[in-house]
Amino acid sequence: MKVLSVGGGAREHAIVKALVKSNTEIYSVMKNRNPGIAKLSKDTLYEKETEVEKVTEWAKSKGVDFAFIGPEAPLGVGIVDELEKSGIPSVGPSKSASQIEISKQYMRDLMAKHNLPGMVDYRVFDNVSEAETFLKDYNKEVVVKPIGLTGGKGVKIMGEHLLNMEGVLDYCREINENKIGGSSSFVIEEKMVGEELTLQAFCDGSHLLPMPAVQDHKRAYEGDIGPNTGGMGSYSQEDGLLPFLTKEEYDNCVDIMQSIIDAMKEEGTPYKGILYGQFILTTKGLKVLECNARFGDPEAMNVLPLLTSDFAEICSGIIDGNLASKKAMFANKASVCKYIVPKGYGVESLVGEKVVVDEAEIENSGAELFFASVNQRDDQIYTTSSRSLAVVGIDDSIFDAEKIAENALSHVKGNVFMRHDIGKKELIEKRIEHMKELRGE
Ligand code: GLY
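To keep things clear, this report deals only with the structure shown in the data block. (Residues numbered from 1 in each chain as written. Predicted model: local features only at pLDDT ≥ 70, side-chain atom pairs only at ≥ 80, totals over all residues. Heavy atoms only, no water.)

## Here's the deal with the environment of A331
(1) Moving on: Summarising the element assignment, A331 is placed in the loop between helix 12 (311–320) and strand 18 (334–342).
(2) Moving on: For the pair formed by A331 and L350, sequence separation is 19 residues and the distance between their alpha carbons is 38 Å.
(3) Moving on: Not counting residues within four places of it along the chain, the set of residues in contact with A331 comprises E238, L306 and T308. (Helix = DSSP H or I, 4+ residues; strand = E, 2+ residues; numbered from the N terminus. Contact = heavy atoms within 4.5 Å.)

In structure tokens form, the structure reads like this:
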């Protein structure tokens, strides 16, 4: 089978690796040359992923059987609809179904309308003085989110990024005036305190097949401090749960995601593709923080290397609407992913810096390597403003997997940094203690 892969990050490198394991032939589209994807591709179009007409023309000329869309931006401009008009089916939602990620308002309104579990208090504003009036009588801490896409960096939390009510209003004003995320509207939500987790699922419009749970680390610096990022690394546990997550809670996450795709089907916008649920375990129960219309990055690198079922078969199940007859099986192994990012990432990245990667030594160390937003020129790799590459350790426990990832980091040199604490005992224990404290144990 010939597959069109759209996107040039580490998530897409993981998707392409998994598709190649399923004996497919890859035709990739990416803006910069990601050496990992380029090496695994039969042919590559270097183009912006949002140029949907150009991408579709190229895919048609290559005779691809289906497309796998990695990032959210092309979904938001309707790449799946455009490809389908040309007879190319996709793993990824239509433009209208991708609103689950593209519009924070759509997601919250859908959950409210269908009275879905996991809801939080929220209000949408397009006017800062109305928000100010609302906040005067709202005696709880809040989170402010732009409506549209911000690469995971738009959410600001009172008490963390926003010091007080004045800071909250300043940020509302900034979104409103600068149209951050493409809109002057913003969502104000009640702040939730707890531990966050990601659950990803294959969806065919009606059924879903869930994957192991993962915990990402959004903050740039060790100890969970600093600016929000796209994610600095992540881990998963050998039993598919997390050190602070019970089987019952995991099943509740699956039920909530099923209720979301049921609601979307009822609305006439069936959801096909990968659904990403970001949850938080709180004293008020399990809450949905976000839904994304694609694999998580880094979370894709945790789960895809563990997939033992045939990935291309699952993709066919998504496209044909018959996932109910398929299985998604994963190895009973833990994984730890650590990202290597340019100096300054999260504030102002050093762009165009050379990164030296000893691929052979990384392979010898037993880790998997995923190239991200680097640019390869004349056999050298250079940083862009985004994350550069990720290493993943896989083993019987989180701590063993962490050691593999950590050893691999020493084989990358350059003006870069990483979070060494991800997957280490100290941080995991902090998570467990935090949940025990919240549960009153
Ligand atoms: N890891 C966060 C995301 O993919 O949105």
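## Examining the site of the ligand
(1) Moving on: With respect to spatial proximity, the complete set of residues near the ligand consists of D216, K218, G230, Y276, N292, R294, G296, D297, P298 and E299.
(2) Moving on: One nitrogen or oxygen atom from the side chain of D216 is found 2.8 Å from a nitrogen atom belonging to the ligand.
(3) Moving on: Between a nitrogen atom of the ligand and a main-chain N or O atom of G230, the distance comes to 3.4 Å.
(4) Moving on: When isolated, the ligand has an accessible area of 200 Å², and the protein chains bury 91% of it.
(5) Moving on: A per-class count over the shell around the ligand returns two nonpolar, three polar and five charged. (Near = heavy atom within 4 Å. Polar contact = N/O pair within 3.5 Å; in protein donor to acceptor, adjacent residues only side chain to side chain. Areas by Shrake-Rupley, 256 points an atom, 1.4 Å probe, with all protein chains shown as cover. Nonpolar A, V, L, I, M, F, W, Y, C, P; charged D, E, K, R; others polar.)

## Some thoughts on the sheet that holds strand 17 (residues 285–292)
(1) Moving on: Here we have four strands laid out as an open sheet, ordered 11-10-16-17, and antiparallel in their pairing. Each having just a single partner strand, strand 11 (208–210) and strand 17 make up the two edges of the open sheet. Ignoring which end each strand starts from, the neighbouring axes of this sheet average 35 degrees apart.
(2) Moving on: Relative to strand 17, strand 16 (residues 272–282) runs antiparallel, the two being bridged by seven bridges. From the neighbouring strand, T282 faces strand 17, where its bridge partner is G285.
(3) Moving on: The strands touched by helix 15 (residues 425–439) are strand 10 (194–204) and strand 16; relative to strand 10, the strand with the most contacts, the crossing angle is about 100 degrees. (Pairing = 2+ DSSP bridges. Axes fitted to C-alpha atoms, helices over the stretch in contact; angles between N-to-C directions.)

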